[in-house]
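Examination of the molecular architecture
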Amino acid sequence: MSSSTSARPFRVAIIGSGPAGVYAADILTKSQEVAGGDVEVSIDLFESYPAPYGLIRYGVAPDHPRIKGIVNALHKVLDRGDIRFFGNVTYGRDLTLSDVRACYDAVIFATGAIKDADLNIPGIELEGSYGGADFVSWYDGHPDVPREWPLEAKEIAVLGNGNVALDVARVLSKHADDLLVTEIPENVYAGLKKSPVTDVHVFGRRGPAQVKFTPLELRELSHSKDVDIVLYPEDFEFDEASDEAIRTNNQVKTMVNTLTNWLVEQPDHHGTPGEGSASRRLHLHFLHTPVEIIGEDGKVAGIKFERNELDGTGNARGTGEFIDYPVQAVYRAIGYFGSELPELEFDARRGVLPNVAGRVLDTDGNPIQGIYATGWIKRGPVGLIGHTKGDALETIGCLLEDRLSLPAAERPGEDEVVKLLESRGVDYTTWEGWLKLDAHEKALGEAWTAENDGGPARERVKVVPREGMIEASRG
Ligand code: NAP
């Protein structure tokens, strides 16, 4: 059956309202073919949380207001009124693949990646060994994670040299009061306030020229009050590939300069912990591959690494020398991983929906008509938020190219999905509901500021429980 939707709008469902989903919706509504009047599009955006913005609300660190500011751009898109928002609707539970196929001519999955990548080393299951992504969900007030986070360790290891490792290490080492200006929920402030942490150690398996951080995020570490950065001269190894990267890549050059300056400016050039004046320290180690988490009575008591050297190509190889560090908690921040989606194939190695340029593939590797992917569930959890736009452009390009040959939705009426959700008793939230919840969270921030005379002005205090969010969005 081929599509004959000329008399009615072309109906598109987007699953996931993070940057990937909203960019795709925006690009689709503005694409020449649509904006030029050739085709009328009607988009419904579904989100499993009662609030929109996905990764921005539940993945970006609270002390990154610049990145959180992307919300303003996403807000403008959703506030235009030409895209319907359905929150608190989970694909695979509240809506099946056949439901969305029946109600829409095309479906775009933009569900991202929220889980931690696995690290298969002995001791990973010990109490005190955590996924960085889970910790991020906690400090960002994700509705589906426990409210309490065990912050009992004085010494902590963070594994990985990406921006998530830096986020996790920064939030763990910062004094809670310095996070009060942010939107952190009350339970997160209370948890961090009690933390007895003195030393957070970040471990990368390669050298300073191979870090995956970005310069701004690295430099930001030195802005935490009463936290000394500690570096170790023996970790500063550069091979031919490092020299080449420093010569040709400004970003690498900036980061190596920053790290080297910090190293030489240390109180003593050996970076012995405890020599600075701060009550907390953030150590950056390189050329360490984690091999085992050491346990005592079922709890993390230390971590063993093999020391590495660079092999000339920027990759690391083990030296056969092992070193233990006493730590009481380990956070792995070695990458995110996508989650399987019911009724669709899953590439379990890369954690993505198998696809070509955003066209989702079936078991035999053929494109499934009318099913697309964009963002991290399409290309894996790499790249900054802005990169998602290019991704969406490609996916929308494919969708528009395919449009005339797609099977038409059987029940394309705009009220069909509403009837379906209502018949299933799904307590969905709307854009108007989000505006109410948004205003409520801002009012909580104002009330906090008024109650804590002389305290920092808080723009917002996040509502955490799902029921609380739904209730506030009902006004
Ligand atoms: P990432 O940038 O890919 O970094 C992952 C890190 O984990 C790398 O240093 C990697 O080392 C290391 N790693 C992987 N497997 C390992 C293993 N088995 N043992 C030890 N180390 C291992 O991932 P991410 O930090 O999760 O960030 C994901 C994306 O979000 C990135 O594009 C990031 O820039 C972005 N992000 C941006 C911000 C921001 O503030 N701008 C904040 C958070 C995230 P190798 O390099 O050796 O593989």
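Residues numbered from 1 in each chain as written. Predicted model: local features only at pLDDT ≥ 70, side-chain atom pairs only at ≥ 80, totals over all residues. Heavy atoms only, no water.

1. Observations regarding the sheet that holds strand S18 (residues 367-373)
Note the following rule: Whether two strands pair comes down to DSSP finding at least two bridges between them. Secondary structure elements follow DSSP: runs of H or I no shorter than four residues count as helices, runs of E no shorter than two count as strands, and numbering proceeds from the N terminus. Should any heavy atoms of two residues lie within 4.5 Å, those residues are considered in contact. Axis angles are defined between N-to-C directions and span 0 to 180 degrees, where every axis is a line fitted to C-alpha atoms and, for a helix, only to the segment in contact.
Judged by pairing direction, the sheet is mixed, and its seven strands sit side by side in the order S3-S2-S1-S4-S18-S17-S16 without closing on themselves. The two strands at the open ends of the sheet, each matched to only one other strand, are strand S3 (83-86) and strand S16 (355-356). Here strand S17 (residues 359-361) runs beside S18; their pairing, made up of two bridges, is antiparallel. Within S18, the residue paired with Leu361 across the bridge is Pro367. Set on the sheet, helix H15 (residues 416-423) makes contact with strand S2 (41-46) and S3; between it and S3 the angle comes to about 5°.

2. Notes on the site of the ligand
Short version of the rule: Whether a residue is near a molecule or strand depends on its heavy atoms: it is near if one of them lies within 4 Å of it. The term polar contact refers here to a pair of N or O atoms within 3.5 Å; inside protein, the definition further demands a hydrogen-donor-capable atom paired with an acceptor-capable atom, and it admits residues adjacent in sequence only when both atoms are side-chain atoms. Accessible areas in this description were obtained via Shrake-Rupley with a 1.4 Å probe; residue shielding takes into account the shown protein chains only. An automatic or database domain assignment provides the domain bounds reported here.
Taken together, 23 residues sit near the ligand, with Asn161, Asn163, Arg205, Arg206 and Gly383 positioned nearest. Within the side chain of His64, a nitrogen or oxygen atom sits 3.5 Å from an oxygen atom of the ligand. Within the contact set of the ligand, an oxygen atom lies 2.8 Å away from a backbone nitrogen or oxygen of Gly383. Protein chains shield 83% of the accessible area of the ligand, which is 920 Å² for the free molecule. With three residues, helix H8 (residues 163-173) is the largest single contributor of residues to the shell around the ligand. Each of domain 1 (3-114 + 338-428) and domain 2 (116-336) accounts for three or more of the residues forming the shell around the ligand.

3. Details of the domain arrangement of the protein chain
Put simply, the rule reads: Take the accessible area each of two parts loses on contact, using a 1.4 Å probe, and add the two losses: that sum is the buried area. Throughout this description, the term salt bridge denotes a Lys or Arg side-chain nitrogen within 4 Å of a carboxyl oxygen of Asp or Glu.
Parsing the protein chain into structural domains produces domain 1 (3-114 + 338-428) and domain 2 (116-336). The gap between the C-alpha centroids of domain 1 and domain 2 is 34 Å. Buried area between domain 1 and domain 2, summed over both chains or domains, comes out near 1,600 Å², and the portion from carbon and sulfur atoms is 56%. On the surface where domain 1 and domain 2 come into contact, there are three salt bridges. A salt bridge links Arg170 to Asp63; the shortest N-O distance between them is 2.7 Å. Remark: the boundary between domain 1 and domain 2 carries eight residue pairs in polar contact (both at pLDDT 80 or more).

4. Looking at the sheet that holds strand S8 (residues 199-203)
The six strands are arranged S6-S14-S7-S8-S10-S9 in an open sheet whose pairing can be described as parallel. In the strand order of this sheet, the two ends are held by strand S6 (129-131) and strand S9 (227-231), each with one partner. Neighbouring strand axes in the sheet, compared pairwise and without regard to direction, differ in orientation by 20° on average. Of the strands in this sheet, S6 and strand S14 (329-332) are in contact with helix H7 (residues 132-139), which crosses S6 at around 70°. Seen against the sheet, H8 touches strand S7 (155-159), S8, S9, strand S10 (280-285) and S14 and runs at an angle of roughly 165° to S7.

5. Some points on the layout of surface pockets
Where we set the bar: Grid points spaced at 1 Å and placed over the protein atoms alone form the basis of the search, with a cavity being a set where a 1.4 Å probe fits but cannot get out and a pocket an open set showing protein on both sides within 12 Å along at least five of seven lines. Lining residues have an atom within 4 Å of a point. Grid points are joined across faces, edges and corners, and a volume is the space filled by probe spheres set on the points. Each residue gets one of three labels, nonpolar for Ala, Val, Leu, Ile, Met, Phe, Trp, Tyr, Cys and Pro, charged for Asp, Glu, Lys and Arg, and polar for the others, Gly among them.
Computed from the structure, the second largest pocket encloses a volume of approximately 560 Å³. Taken together, 22 residues make up the lining of the second largest pocket; nearest its centre are Lys68, Gly69, Glu183, Glu459 and Arg460. Partitioned by chemical class, the residues of the lining of the second largest pocket number seven nonpolar, four polar and eleven charged. Two domains share the lining of the second largest pocket, each providing at least three of its residues, namely domain 1 (3-114 + 338-428) and domain 2 (116-336).

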